[in-house]
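Observations on chain architecture
Now for the letters of each chain:
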Amino acid sequence: MSLDVSPTLLAEAEHGDIREEDFVDTVRTSLPYAYDLIASLAAELQGGQAEFTDNQTPPPSEQERGQLLRALASDAIRGSLERHFGVTLAFQNCHRVAAFRPQARGGETHTRFTSVRSQVLNQSPEFRDC
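Calculation criteria
- Residues numbered from 1 in each chain as written.
- Predicted model: local features only at pLDDT ≥ 70, side-chain atom pairs only at ≥ 80, totals over all residues.
- Heavy atoms only, no water.
- Salt bridge = Lys/Arg side-chain N within 4 Å of Asp/Glu carboxyl O.
- Helix = DSSP H or I, 4+ residues; strand = E, 2+ residues; numbered from the N terminus.
- Buried < 20%, exposed > 50% of the residue type's maximum accessible area, 1.4 Å probe, protein only.
- Pairing = 2+ DSSP bridges.
- Axes fitted to C-alpha atoms, helices over the stretch in contact; angles between N-to-C directions.
- Contact = heavy atoms within 4.5 Å.

**A short note on the pattern of salt bridges**
- Summed over all chains, the structure comprises eight salt bridges.
- The shortest N-O distance in the salt bridge between Asp25 and Arg28 comes to 2.5 Å. Here Asp25 and its partner Arg28 are both found in helix 2 (residues 20-30), three residues apart, which amounts to about one turn of the helix.
- Relative accessible area serves as the criterion here: at 37%, Asp25 is assigned to the partly exposed category.
- Residue Glu82 pairs with Arg105 through a salt bridge whose shortest N-O separation is 3.6 Å. Here Glu82 is found in helix 5 (residues 75-85), whereas its partner Arg105 is found in the loop between strand 3 (96-100) and helix 6 (108-113), with 23 residues between them in sequence.
- On the basis of relative accessible area, Glu82 is assigned to the buried category, the value being 14%.
- Residues joined by salt bridges that share partners form a network here, namely Arg19, Glu21 and Asp22.

**Overview of the sheet that holds strand 3**
- Strands sit in the order 1-3-2 across an open sheet of three strands; the sheet is antiparallel. Looking along the sheet, the strands with just one partner apiece sit at the ends: strand 1 (52-54) and strand 2 (88-92). Recorded for the sheet is a direction-independent mean angle of 20° between the axes of neighbouring strands.
- Two elements, strand 2 and strand 3, share five bridges in a ladder whose sense is antiparallel. In the strand pairing of strand 3, Gln92 is matched with Arg96.
- Strand contacts of helix 4 (residues 62-73): strand 2 and strand 3, with the helix running at about 125° to strand 2, the strand carrying the most contacts.

**Side note on the side chain of Arg96**
- Note that Arg96 resides in strand 3.
- You can call Arg96 buried: its relative accessible area is 16%.

Next up, the structure:
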C-alpha cells in the first residue's frame with residue numbers, strides 16, 4: 001500500500017472530494033522520505049537562482065527508494081506535491097528527482113533533463129535493478 005489513509009479521510013473520499021491539504025498531509029506521514037526530499041529540493045530551488053535542483057544521492061535503503069518511486073509514479077501524489085511546493089518535478093532512474101520552477105516546464109533545460117537522451121546518458125550498471 002502506498003499511503004496510510006486515515007478512516008476519516010477515507011470516509012470523506014467515499015462521500016465526495018477531499019481537501020488537497022489533507023491528502024498532502026497523508027503523503028507526508030506515509031512517505032516521509034519522499035516528502036522530505038522533495039521539500040528540501042523545493043526550498044533549495046526557491047532560495048536560489050538555479051534553473052533546477054536535483055538529488056543524486058541514492059536513498060539509504062530500499063524502503064526509502066520505494067517511497068520515492070511510489071510518490072513519483074502516482075499522478076495524484078506527484079501533482080499534489082508539485083502544487084503544494086510550487087514546483088514541477090522530473091524523475092530519472094531510481095532516485096534522481098529534480099525540482100524545476102513551474103514556468104520551466106517545456107523549456108530548454110527541463111526538456112533536456114526529461115529527454116530520452118538524458119535518460120540513456122544517466123544509466124549505469126548499478127541502476128539496473130533499482
